[in-house]
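# Summary of the model geometry
Chain by chain, the residues:
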Amino acid sequence: MTVLRRLGLAFIGVLLAGILLFMYINSGAQQAASYIESRDLIRLLKQQDAIWDNEILKSRIALTHNYDPLVSPLHEMARLWQRLDAIEAEPGRHGPSLWEAQRDEYLKLVKEKTRLVEQFKSHNAVLRNSLAFLPTGEDDIQGQFARLPDTYRLELQNVAIDTYDLLLSSMEFAQLSSPDIAAEVLLGLNQLEVNKERLPEGLLNSVEVLRRHIGVILREQPKVNELLTGIEMVPLADRLDTITNLLEKDQAKAAAKYERNHVYLLVFATLLVLILIWLGIRLIRSFAEIKRVNNALQTANDELEQRVEERTRQLKDTQSELMDTARQAGMAEIATNVLHNVGNVLNSVNISADLVSRKLRSSKALGLGKAMQLINEHTDDLGHFLTEDAKGKLLPGYLNQLVEAIASEQQSLTDELAQLSKSVDHIKDIVATQQSYAGANSLLEPLVVSELLEDALRMNSGALTRHHVTVIKEYGDVPRIMGDKHRLLLILINLISNAKYAMAGVSNHARNMTLKADVVDGETLQISVKDEGEGIPEENMTRIFAHGFTTRKEGHGFGLHSCALAAIEMNGHLTAHSEGPGKGATFQLQVPLKLAEGEP
Amino acid sequence: MALHGLTLALGLLVGMSVAAHAAPLDEPLKPLPPIPTLDPKRVQLGLRLFNDPRLSVNNTLSCASCHRLDKGGADDKPFSLGFDGKPVEVNTPTVFNAGLNFHQFWDGRVDTLEEQVHIVVTSPAEMGSTWESVVKRIADDPGYAKDFNDAYPDGVTKPNIQGALADYERTLQTPNSRFDQYLLGNTDALTPREKFGYQRFKEYGCIACHQGVNIGGNMFQKFGIMGDYFVDRGNPTRADEGRFNITGDENDHQVFKVPSLRNVAVTAPYFHDGSAPTLERAVEVMFKYQLGREPLKNDTTLIVEFLKTLTGEWEGKPL
């Protein structure tokens, strides 16, 4: 629909432009120019015609004897006419055959006038010649008269007078060719004819010549006059005026057409301009439309953005919620972890406390009481008692033994309490570690790896002893390092504990656990715990470090998970290796080696 | 601009007159105009064509056969012979200064030299040819074809052949006759007798017809105004009717174009019928039949002497 409309519009536009172009080409500026030229040519033609007429009259009154000027205007006129005809014969300048009619008429008139002028020239030349001769001829005759003898002269007086009269009337006739004068001349001629017979031989000839010339005048003068009238009657100038009228009329028509064309031109141009304006308005409108759509799009976009933002915000909220949840979960995990580790240590605490309490319960200090009771019974004779009495004599020895026993007991208790205190410290550290999980970086301190291993072993010593696990220590030459004691300890305790559990079901061979500590390539500390227990099946290999994975009934599935996390937190990693079920497993911790200050 | 040119022309004239130590005379006779400047290629072609017998049907006649430039531009016969060896109807007029005649031929049947060429080439009594064959002969000549193509955009055509010949003929003027020198102000160019002769020429009325630039050649006139020449001569022919044969007008019986008197001394015999073998005879005939006068003793001689001063030059040499 739109395409059709546009095509239609384009068609109208092209059509209008075409019409405008056509009209422009048709518009008669050229016509006007050639009209002016034609008018000029006609003016020149009339001028030449007038010159021609003028020259004819000059010849008529014998002002000139040169007939060239009676020929040359004709050449000039032919040339001018050719130019005029070339302009006006162009199709479309005049109505059909109008110009042709004028041309034919003009050419006919020119031909007629030329014919008359040619005749005029011929007759006029003859007439002029005879007229010019008249006085000479007369002089000739009068001269001869004069030479005649007097008697003869008197006799011929009348003849001389008659001849003179004839001459006069001939000249009068040359001026005014009326029939009266013609008759007079004719009469004179007849008179001369009569007189001739009386004339002497010599004179006769002269009179005859004069007579013939007068005869010529009589013949040629009316002829010349008639021709002049004829020439004058040739309406050549009128024809040229007619042609001028035709040109004027057609020019007026052309001008009217031109004007009309102008009006059309104006109308069509206006239409074209209107279409252009309309198109302009359409364009502006479409711009407005585009702008509006753009705005709508912008608004939609903004809305969308807002919605996206909102959605993002919601997602963020969700995410933070999730994170909170995760954090809580993590905290739970950490709590579990801590509790698990605390549990492990508490086990040691429990054992130590049990041991102390058992030791205290069976303390030899009670013997001191009994000894004191004996002393108290013999306060008066204490010396006697100690020296004399059988029992008393034993008492110092007993007291000495007791002192030794108490001293040993005290030593044992002190050791046990020190162990207990260590365990409590460990618990405190675990808790502190848990707090460090909340964000604090791990705390690096100078460590001796073997001591660390011993600590870990000691913390599990009770269980290891109970489970009859033999610990094989293969400690390499490891320098003092800067390390996160609690994370390392956590990992080691867990690994040792796991190894111990793994070997719980082993009965067919010795329960050996191998601890190794080495420096690999001078930049990695590698600690491995190897057991000879149940091993890890292939399918579990990838899952053992996952949170919540356990093979034990009472297990939480946090041990290895937390160990792996801790290893990663130390920029290290924890790997497991097993040949398969029943073939034991090796856990290997690798952390970057960071030497403590003062180490080489 | 025109005024400027006029001033220049006047200046030139003044310069010339200073050189001649006199102003031009104002006479009914006029000196020859300058030779028109035309395309030299066309004129050259015209010259070749003028001398080319291929224009005639049987390759016997060229224009120059009758219009011999060494014989005053005509021949010395009363009637030239056509291609078939038969004499033509009228005496051959000179080709010199023919371009200045207002009509061509004795009877003035055409206005232009181009038309004159056409009439002569196709006349059964003269060259007897057709344009078809003439154009073919010329076009078949490689030299002509090349030169025509050089000179005319459309090569060898009938109008171009006519044009070339006409252009050449327009250059055939015979300037610098002693009388022209006299007219231009050199009054010493004529002897007193010749001046008397000129004076008689005017007095007796010869001037009535023989005037203008070409001393004739600008009007028609009846041969035999004062007497019937043909009756006196005898054996009237069709050609004696002159212009009547063309117009059929009763007024035109025995009317002919007044011939130019330039080079008249070298173009005998005279009149359309070649009936006057000498200039003296021709002048006598003119006196009797045209002027109706009897010249005084010696006047004919004087006039003839004057007429001999009208002989001009061709290619720098007197004719």
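The model shown is predicted, which means the values in this text are computed figures rather than measured ones.

### As for the overall build of chain B
Within chain B one finds 13 helices and four strands. When burial is assessed residue by residue, chain B has 47% of its 319 residues classed as buried. Expressed as a percentage of contacts within chain B between residues at least 6 apart in sequence, the contacts between residues at least 24 apart total 67%.

### What to know about the overall build of chain A
Within chain A, the regular secondary structure consists of 15 helices and seven strands. In chain A, buried positions account for 26% of the 600 residues. Taking contacts inside chain A between residues at least 6 apart in sequence as the whole, the part at least 24 apart equals 78%.

### Some details on unusual backbone geometry
With an omega of -5°, the peptide bond running from B:A268 to B:P269 counts as cis. By the secondary structure assignment, B:P269 is in the loop between strand 2 (255-257) and helix 12 (279-291). In the Ramachandran plot, A:D521 falls in the positive-phi region, its phi being about 55° despite a non-glycine side chain. Of note, A:D521 is situated in the loop between strand 4 (511-520) and strand 5 (524-531). A positive phi angle is found at B:N263, which is not glycine, with a value near 60°. You can see B:N263 is positioned in the loop between strand 2 and helix 12. Assessed through the 25 C-beta atoms surrounding it within 10 Å, B:N263 is described here as buried.

### What to know about the nonpolar core
Counting 89 residues, the largest nonpolar core has A:F120, A:I217, A:I231, B:F201, B:A282, B:M286 and B:L307 as the members making the most contacts within it. Top contributing element to this core by residue count: helix 8 (residues 201-233) of chain A, with twelve residues. Contact partners of A:I231, with chain neighbours within four places excluded, come to A:I56, A:K113, A:L116, A:V117 and A:F120. In terms of nonpolar packing, the next biggest core, distinct from the first, is built from 42 residues, A:M459, A:V529, A:M570 and A:L589 among them.

### Considerations on the interface of chain B and chain A
Facing 23 residues of chain B, the contacting portion of chain A comprises 19 residues. With three residues, the single largest contributor to the side of chain B that touches chain A is strand 1 (residues 220-222) of chain B. Tallied by class, the residues present in the side of chain B that touches chain A amount to twelve nonpolar, seven polar and four charged.

### So, helix 3 (residues 72-88) of chain A
Residues and elements named next belong to chain A. With 17 residues, helix 3 extends 24 Å from end C-alpha to end C-alpha; this agrees with the ideal 24 Å at 1.5 Å per step. Listed in full, the buried residues belonging to helix 3 are P73, M77, L80, L84 and E88. Buried residues of helix 3 fall within an arc of 70° about the axis and therefore sit on the same side. Away from its buried face by more than 90 degrees, helix 3 exposes H75, Q82 and A86.

### Concerning the pairing of strand 4 of chain A
Residue and element names in this part refer to chain A. Direction of pairing for strand 2 (residues 469-475) relative to strand 4: parallel, over a ladder of seven bridges. Note on strand 4: the bridge partner recorded for T470 is N512. Across eight bridges, the pairing between strand 4 and strand 5 is antiparallel. Residue K516 lies in a different strand from strand 5, and its bridge partner there is S528. Taken together, strand 4 and the strand that follows it, strand 5, pair antiparallel across an intervening segment of three residues, in which D521 is found at a positive phi of about 55°.

### So, the sheet that holds strand 4 of chain A
Remark on secondary structure: sheet strands pair via backbone hydrogen bonds, oriented parallel or antiparallel. Residue and element names in this part refer to chain A. Here five strands make up an open sheet; going across it, the order is 2-4-5-7-6 and the pairing mixed. In this open sheet, the two edge strands, each paired with only one partner strand, are strand 2 and strand 6 (573-578). For this sheet, the mean inter-axis angle between neighbouring strands, taken without regard to orientation, is 15°. On the sheet, helix 14 (residues 485-502) packs against strand 2, strand 4, strand 5, strand 6 and strand 7 (585-592) and is oriented at approximately 20° with respect to strand 5.

### Side note on the environment of B:T309
Residues and elements named next belong to chain B. Residue placement: T309 occurs in the loop between helix 13 (299-308) and strand 3 (313-314). Note: C-alpha distance between T309 and Y182 (127 residues apart in sequence) is 9.6 Å. Filtering out sequence-adjacent residues up to four positions away, T309 remains in contact with S177, R178, F179, L190 and E194.

### Thoughts on the packing of helix 12 of chain B against helix 13 of chain B
Residue and element names in this part refer to chain B. For the pair helix 12 and helix 13, the least separation of the axes is 10 Å and the interaxial angle reads 120°. With respect to the hand of their crossing, helix 12 and helix 13 are arranged in right-handed fashion. Together, L279, E280, V283 and E284 of helix 12 and T300, I303, V304 and L307 of helix 13 make up the contact between the two elements. Each residue belonging to the contact of helix 12 with helix 13 can be placed in one class, and the counts come to five nonpolar, one polar and two charged.

### Some remarks on the packing of helix 6 (residues 157-175) of chain A against helix 8 of chain A
Residue and element names in this part refer to chain A. Interhelical geometry of helix 6 versus helix 8 gives an angle of 25° and a closest axis separation of 10 Å. Taken together, helix 6 and helix 8 sit at an angle that is classed as roughly parallel. Read as a crossing pair, helix 6 and helix 8 show a hand that is left-handed. Only V207, I214, I217, L218 and Q221 of helix 8 make contact with helix 6, whose side of the interface consists of T163, L166, S170, F173 and A174. Broken down by class, the residue content of the contact of helix 6 with helix 8 amounts to seven nonpolar, three polar and no charged.

### What about the environment of A:E155?
Residues and elements named next belong to chain A. Inspection of the secondary structure assignment puts E155 in helix 5 (residues 150-155). By C-beta crowding, E155 is classed as exposed, having 12 other C-beta atoms within 10 Å. Sequence-wise, E155 and R198 are 43 residues apart; in three dimensions their C-alpha atoms are separated by 9.2 Å.

### Some details on helix 4 (residues 98-147) of chain A
Along its 50 residues, helix 4 of chain A runs 72 Å from first to last C-alpha, staying within 8% of the 74 Å computed at 1.5 Å per residue. The sharpest bend along helix 4 of chain A comes to roughly 35°, located at A:L134, with the proline A:P135 sitting one to four residues further on.

What counts as what
- Residues numbered from 1 in each chain as written.
- Chains lettered and ligands numbered in written order.
- Predicted model: local features only at pLDDT ≥ 70, side-chain atom pairs only at ≥ 80, totals over all residues.
- Helix = DSSP H or I, 4+ residues; strand = E, 2+ residues; numbered from the N terminus.
- Buried ≥ 20, exposed ≤ 12 C-beta atoms within 10 Å, placed from the backbone.
- Contact = placed C-beta atoms within 7 Å.
- Core = buried A, V, L, I, M, F, W, Y, C linked by C-beta atoms within 7 Å.
- Nonpolar A, V, L, I, M, F, W, Y, C, P; charged D, E, K, R; others polar.
- Expected span 1.5 Å × (residues − 1).
- Arc of directions from axis to C-beta.
- Pairing = 2+ DSSP bridges.
- Axes fitted to C-alpha atoms, helices over the stretch in contact; angles between N-to-C directions.
- Left-handed = near helix turned anticlockwise from the far one by under 90°.
- Parallel < 35°, antiparallel > 145°, perpendicular 65-115°, else oblique.
- Bend = angle between axes of the 7 residues up to and from the residue.

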